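The residues making up each chain are set out below.
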Amino acid sequence: MQSVVRVLRSRAGAPEDSPPSPQEEEGPVDRAVLKEKEAEISALKEKLAAESKMLGDMKDRYLRALADGENVRNRAKKELEDSKVFSIQSFAKDLLPVSDVLEKALESVGEEDRQGNATLANLHEGVSLTYSQLHQVFKRHNLVKIEPMGEVFDPIYHEAMFQIPDPSKTPGTVCNVVQSGYILQSRSIRPAKVGVVKET
């Protein structure tokens, strides 16, 4: 065997008496060991792919949990803000009949009646000041009176009490106001009771 190696080495241009290379000393590679290493590498690759997928799933769940938490915080914040804004809603609704009574009292006394009666004129002035002061308080708390005359009927802010045929007006518009409505922070707390032009 060594003589064959020397012949091959002499043909390759290497001195015959030079030491053999490590590959020549080790001999052929063991195929069983090579297959075993390849199997180990394949198993490691599969494990790495599985762990990468698991990591991706965990990251996705983490991001979803963060988003859900943020949504809960935003919803709770909005509910808290709404509760602060609309905490006076019940109290405001209880004051609306007071405003209605004052308004009717002012409408029931004409200017001619006040001119001939100083007591009545003073009383009317006091009621007018009270009404104005009450509505200043309403405005301060964003409680606004609805003025629907001539507007298109809106079921959110208006309650139709009757219909009137009137060719001179646009059908579906408000032509009469029976009772004023009010909104609190853009939310209707009492729709205006109105008459609507009937389509002919």
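Details of the structure are given in the entry above.
Residues numbered from 1 in each chain as written. Predicted model: local features only at pLDDT ≥ 70, side-chain atom pairs only at ≥ 80, totals over all residues. Heavy atoms only, no water.

1. Digging into helix α6 (residues 118–140)
In a regular helix each residue adds 1.5 Å, so 23 residues correspond to 33 Å; α6 covers 33 Å between its end C-alpha atoms and thus fits that length. Among all positions in α6, only His124, Val127, Tyr131, Leu134, His135 and Phe138 are buried. Buried positions along α6 lie against α4 (89–108), α5 (111–115), β1 (143–146) and β4 (181–184). The backbone nitrogen of Thr119 has a side-chain oxygen 3.1 Å away, supplied by the residue at the start of α6, namely Asn117. Among the residues trailing α6, Asn142 stands out with phi positive, at a value near 60°. (Helix = DSSP H or I, 4+ residues; strand = E, 2+ residues; numbered from the N terminus. Expected span 1.5 Å × (residues − 1). Buried < 20%, exposed > 50% of the residue type's maximum accessible area, 1.4 Å probe, protein only. Contact = heavy atoms within 4.5 Å. Polar contact = N/O pair within 3.5 Å; in protein donor to acceptor, adjacent residues only side chain to side chain.)

2. Overview of a nonpolar patch on the surface
On the surface, Met161, Phe162, Ile164 and Val178 cluster together to form a nonpolar patch covering roughly 300 Å² of accessible area. The dominant element in the nonpolar patch, judged by the number of residues it contributes, is strand β2 (residues 158–165), at three residues. On the secondary structure map, Ile164 appears in strand β2. (Patch = residues over 30% accessible without salt bridge, like charges linked within 9 Å, V, L, I, M, F, W, Y side chains within 5 Å. Areas by Shrake-Rupley, 256 points an atom, 1.4 Å probe, with all protein chains shown as cover. Salt bridge = Lys/Arg side-chain N within 4 Å of Asp/Glu carboxyl O.)

3. Some words on the packing of aromatic side chains
For the structure shown, the criterion picks out one aromatic pair. Ring geometry for Phe138 versus Tyr182: centroids 5.9 Å apart, planes at 80°, classification edge-to-face. Pair noted here: Phe138 is in helix α6 and Tyr182 is in strand β4, with a separation of 44 residues, a long-range link. When its relative accessible area of 3% is taken as the criterion, Phe138 is described as buried. (Phe/Tyr/Trp six-rings, centres within 6.5 Å; stacked < 30°, edge-to-face > 60°.)

4. Structural notes on the sheet that holds strand β3 (residues 174–179)
Within the open sheet, the three strands sit side by side as β2-β6-β3. Their pairing is mixed. Strand pairing shows two members of the sheet lacking a second neighbour, β2 and β3, which therefore form its edges. The mean angle between the axes of side-by-side strands here comes to 30°, regardless of whether they run parallel or antiparallel. Examined bridge by bridge, β2 and strand β6 (residues 192–198) share seven bridges and lie parallel to one another. (Pairing = 2+ DSSP bridges. Axes fitted to C-alpha atoms, helices over the stretch in contact; angles between N-to-C directions.)

5. Some details on the side chain of His124
Its location among the elements puts His124 in helix α6. At 3.3 Å, the side chain of His124 forms a polar contact with the side chain of Arg114. Dropping the residues within four chain positions of it, His124 is found in contact with Leu106, Val109 and Arg114.

6. Focus: unusual backbone geometry
Trans is the common state for peptide bonds, and a negative phi is the common state for residues other than glycine. For Asn142, which is not glycine, the phi torsion reads 60° and is therefore positive. When you line up the elements, Asn142 lands in the loop between α6 and β1. Phi at Gln185 takes a positive value of approximately 50°, unusual for a residue other than glycine. Of note, Gln185 is situated in the loop between β4 and β5 (187–190).

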